[in-house]
Amino acid sequence: MLGVWLYFSLISITFAQDSFQIKGSVVNANTLQPIEGANIFGNGLFSTSSSTGTFTIKNVVEGTYSITISHIGYSSETVSIRVGPKMDTLKVYLRESVTELQDVEVNGKTHKREAQELATVSHTVSKDFLENNRENSLMQTLKNIPGVSTINIGSGQSKPVIRGLGFNRVVVVQNSIKHEAQQWGNDHGLEIDQYGVESVKIIKGPASLQYGSDAISGVVDIQASKLPGKNSFKGEVNMLGETNNDLLGVSTGIQGRKNKWFYRGRLTYRDYGDYKVPADRINYENYIFELHDNNLRNTAGKEADASLGIGFISGNIKSETNFSNVNAKNGFFANAHGLEVRSSSIDYDSSNRDIDLPYHKVNHFKITNNTTVGIGNHTLQLDLGYQNNHREELSEPVPHGYMPTPPDSKERIFDKNTYTLNIKDSFSPYQRHDVAAGVNLEYQDNNIGGWGFLIPAYNRFTIGAFAYDQFEVHQDLHLLGGLRYDYGALESKSHYDWYSSTVNNSDGSTSYIYLQRAKNKTLDFGNISASLGISYIHKNTTYKVNLGKSFRMPLANELASDGVNYHMYRYERGNLDLDPESSYQLDLDIDHTTTSFSFGASPFVNFFENFIYLNPTSNYYETLQIYEYTQSKVFRAGGEIRASTTLLKNLQLDASAEYVYSRQTSGPKQGFTLPFSPPLAGLFSASYQFKDFLFLGKPQVRADYRITAAQNEIVPPEEVTEGYQVLNMSFTAQMNLFKSAKPFDVRVKLNNVLNTHFYDHTSFYRLIDVPEPGRNLSISVTIPF
């Protein structure tokens, strides 16, 4: 029977004048373990259970109150309690339950238990982690996860890197739909509003079996938000300010539900100036550029986001439709866009908030629908998605070679439409088998414009079919195996220069022709992905072994690019003879967790048969070095270790380290590593939870000390990057100045406390010797209502 078993034991309660305290604890009725994060609320009352399951509601006037205790994955219950002198403490036993299509648990299993039984190596990031580690972009927020790093493009943009691989080798999923933009570009960020994210699942290693072709090195899966409770309404306002780039931001979200219908919405706006670096000059191509007030000129930006979700849930049916739009305008560091800026008439130092040329504008619009239907022992999931990514890159019109002065500043325009359909059936044909089978379809239509050609317009179609089975040998031993086949076709479109070039003919004559940069060409690819793994749980220790094979289709830029990339100051040329990448990887994972200590290790070995990369050649186009896409065999190995312990009840210590070794074993760069390979790095953290003080609840101080080794393994034209140490500190607390029903959260962070001058080897601006941002104080406040 679902419900709550309550009993009272006599305690004394402190009170002043006519106010009292309600004290209690929440535990799991089956395991008797404390439940953290349970919500305790009533009329004007609110609290959340701590890691020990306890909670306190202060300043309660004498009387009778109705209190509801709830936690996702457990049955909630409402009880009546008499508040006054000589009252008893409240102890709550919550029972696990199967809730209405919440996809939080299956057959009473918690998220943690499900993750232990899966053979894949994954890490789930909680809402508390996201809020307490929030940076200027979602991926910068996640970089404290071992094995996860970022390629930063200024202060407001970044793209994910998992175990040294990024770009189209890492899939980002939101609402079960693969996020599709122009992620092939070095300077293209991720268009997602991080304030609307509650939880993220990170999969390390090949994940093509379930997520398709591009998930060859990992997945960042943004989990669906929790359903609002019945007959509820709540919201929050997030405000943020930063000193380094004078950022001001605000985000407001609401959600509510009657009975069967629910909704949620969010508006976010951020505006920031040029960010500061601990340097007063930049040396680029032997030219010295002075920095005014340490500002990295023209790196200001602004972002406006909006989202709305409407859903319906009834019995065995759940359906939600989400609309979202992300609009951003970001400047590029002026001196990173070629050397023409030396003769520019733009006064980049007139204001640190101006967004001058060169800059980009991007608008990402997305509609998704996720519908789940339970039919007998089958759960059918249908996901539909449409995305439009419109990106404009603008720069000063300057003649190059045979190209005359362009008519406007629109250098490149990309307009990409993506249509997605996912169908999945999960069922249990036998008692110990959990089977899933499905189909994924995606169609892309990418058009181009502007006077600077780099990649052609193209259409891309992919379809994949998969099936996998999780078999429970016994309660603590699980096997997972599956197969997938993908087929894809890419049709590139013809393109000619808009200006004529001079060509010297063999007979000594001269012709003026419009050079053809791309041809009409259709290429198709197909391959098999597979995975086989085992998970064994022995008391407090989980052991995992997983062997996977994944593949990735070549992209349009890898196959058919033929133009100048002024952002990288080079000429890029594709290769129509490229084969799909194939990757084989062995993952191990050991995790030992007790109430006061945890330790884990996740080593891996990886081999690529035909890794695709951009290789610098000895040839030049005008004055620009030509880079050509080619393939080679690559061997990779590495992993992560992590440890955590609780001392003196309130003191927690965490440590982690990560390392990736890469070596090209064939091709023109045989013996070299891979570009943007992260160096050996370690993170040491200490946090102390103080007692409540005055109007501060749960005050906590945290210090993070990151030690990064030098990266001597490089691929020219990369440069060796020296090692560094950076100290970050933070303070978090809850405040209830006005004795309101819900306290608001305050977070104060000080990044790069010592204003250390250092280079991040995986940063986009590292190629032009731009250091990382200097000291930054940020203050954020979250006000619930």
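Note on numbering: residues in each chain are counted from 1, in written sequence order. Local features in a predicted model are, by the rule used here, given only for residues with pLDDT of at least 70; side-chain atom pairs are given and counted only at 80 or more, and totals for whole chains, interfaces and linings are based on all residues. Only hydrogens and water are set aside when side-chain values are computed; all heavy atoms of the structure are taken into account.

**Comments concerning the pattern of salt bridges**
To keep it simple, the criterion reads: Salt bridges are identified by distance alone: a Lys or Arg side-chain nitrogen within 4 Å of an Asp or Glu carboxyl oxygen. Under the DSSP-based scheme used, a helix requires at least four consecutive residues in state H or I and a strand at least two consecutive residues in state E, with every element numbered from the N terminus. Per-residue accessibility, obtained with a 1.4 Å probe over protein chains only, is compared with the maximum for each type, and a residue is labelled buried under 20%, exposed over 50%, and partly exposed between these values.
What the rule picks out here adds up to 35 salt bridges. Ionic pairing is found between glutamate 303 and arginine 270, a salt bridge with its closest N-O pair at 3.5 Å. One end of the pair, glutamate 303, is in strand S22 (residues 301–314); the other, arginine 270, is in strand S19 (residues 261–272), and 33 residues separate them in sequence. Exposure remark for glutamate 303: the relative accessible area of 14% places this residue in the buried category. Taking the shortest distance from any N to any O, the salt bridge between glutamate 628 and arginine 573 comes out at 3.7 Å.

**Details of the sheet that holds strand S16 (residues 218–222)**
Stated precisely, the cut-off is as follows: At least two DSSP bridges between two strands are needed for those strands to be called paired.
Strand order across the open sheet formed by 5 strands is S9-S15-S16-S13-S14, with mixed pairing between neighbours. Single-partner strands in this sheet number two, and they are strand S9 (122–125) and strand S14 (177–178). Here strand S13 (residues 170–174) pairs with S14 via 2 bridges, running antiparallel. By the bridge assignment for S14, glutamine 174 is matched with isoleucine 177.

**Focus: the environment of valine 326**
Among the secondary structure elements, valine 326 is positioned in strand S23 (residues 317–331). By relative accessible area, valine 326 is classed as buried at 9%. C-alpha separation for the pair valine 326 and leucine 190, spaced 136 residues apart in sequence, amounts to 9.9 Å.

**A short note on the side chain of glutamine 585**
The condition is simple: Two N or O atoms form a polar contact when they lie within 3.5 Å of each other; inside protein one atom must be a possible hydrogen donor and the other a possible acceptor, and for residues adjacent in sequence the pair counts only when both atoms belong to side chains.
Along the chain, glutamine 585 turns up in strand S38 (residues 581–593). Reaching out from glutamine 585, the side chain makes a polar contact with the side chain of aspartate 587 at a distance of 3.1 Å. Side chain to side chain, glutamine 585 and asparagine 606 meet in a polar contact 3.4 Å long.

**Observations concerning the packing of aromatic side chains**
Where we set the bar: Stacked, edge-to-face and tilted are the three classes for Phe, Tyr and Trp ring pairs, Trp counted by its six-membered ring, which pair at centre distances within 6.5 Å; planes under 30 degrees apart are stacked, over 60 edge-to-face, the rest tilted. Working rule: Lys NZ or Arg CZ, within 6 Å of ring centre, within 35 degrees of ring normal, means a charge sits over the ring.
Under the counting rule described, the total for this entry stands at 14 aromatic pairs. Both rings, one in tyrosine 536 and one in tyrosine 543, keep their centres 6.3 Å apart while their planes meet at 20 degrees; by these two values the pair is stacked. The structure contains a cluster of three or more aromatic residues connected by ring pairs, namely Tyr386, Tyr419 and Tyr443. Against the face of tyrosine 359 rests lysine 329, its NZ or CZ located 4.6 Å from the ring centre. A cation sits over an aromatic face here: arginine 570 above tyrosine 627, 4.8 Å from the ring centre.

**Remarks on a nonpolar patch on the surface**
Note the threshold: What makes a patch is a set of residues exposed beyond 30% relative accessible area and free of salt bridges, joined within 9 Å when like-charged and within 5 Å when nonpolar (Val, Leu, Ile, Met, Phe, Trp, Tyr). Here the Shrake-Rupley method, with its probe set to 1.4 Å, supplies the accessible areas, and only the displayed protein chains count as covering residues.
Taken together, the side chains of Phe233, Ile254, Trp261, Tyr263, Leu308, Ile310, Phe323 and Phe785 present a nonpolar region at the surface, about 760 Å² in accessible area. The set of elements that each furnish at least two residues to the nonpolar patch consists of S19 and S22. For tryptophan 261, a relative accessible area of 54% gives the class exposed.

**A word on unusual backbone geometry**
Cis peptide bonds are those with omega within 30 degrees of zero, and the linkage from leucine 357 to proline 358 qualifies with 0 degrees. Residues other than glycine seldom take positive phi values, yet phenylalanine 167 does so here, at roughly 55 degrees. The topology assignment puts phenylalanine 167 in the loop between strand S12 (165–166) and S13. In the Ramachandran plot, serine 176 falls in the positive-phi region, its phi being about 65 degrees despite a non-glycine side chain. Along the chain, serine 176 turns up in the loop between S13 and S14.

**A word on the sheet that holds strand S3 (residues 39–42)**
Definition in use: Note on geometry: axes are C-alpha line fits, over the in-contact stretch for helices, and angles between N-to-C directions span 0 to 180 degrees.
Read from one edge of the open sheet, 4 strands run S4-S3-S6-S7, paired in antiparallel fashion. Strands with a single pairing partner mark the edges of an open sheet, and in this sheet they are strand S4 (45–48) and strand S7 (77–83). Put simply, the sheet's adjacent strands are angled 25 degrees from each other on average, direction ignored.

**As for the domain arrangement of the protein chain**
To be explicit about the condition: Delimitation of the domains relies on an automatic or database domain assignment.
Taken domain by domain, the protein chain comprises domain 1 (4–96) and domain 2 (131–137 + 139–784). Domain 1 and domain 2 are separated by 42 Å when their C-alpha centres are compared.

**A short note on the environment of valine 439**
Note the threshold: It only takes one pair of heavy atoms within 4.5 Å for two residues to be counted as in contact.
Within the secondary structure, valine 439 is located in strand S27 (residues 433–449). Once the C-alpha coordinates of valine 439 and arginine 663 are considered, the two residues, 224 residues apart in sequence, prove to be 35 Å apart. Beyond its immediate stretch of four places on either side in the chain, valine 439 contacts Leu421, Asn422, Ile423, Ile463, Gly464, Ala465 and Phe466.

**As for the pairing of strand S6 (residues 63–70)**
Taking burial as the measure, the 8 residues of S6 include 6 buried ones, the bulk of the element. Summarising the sheet, S3 and S6 pair through 4 bridges and their orientation is antiparallel. Within the sheet, the bridge partner assigned to asparagine 39 lies in S6 and is serine 70. Pairing of S6 with S7, which is carried by 7 bridges, proceeds in the antiparallel orientation. Bridge assignment links isoleucine 69 to a residue of S7, and that residue is glutamate 77.

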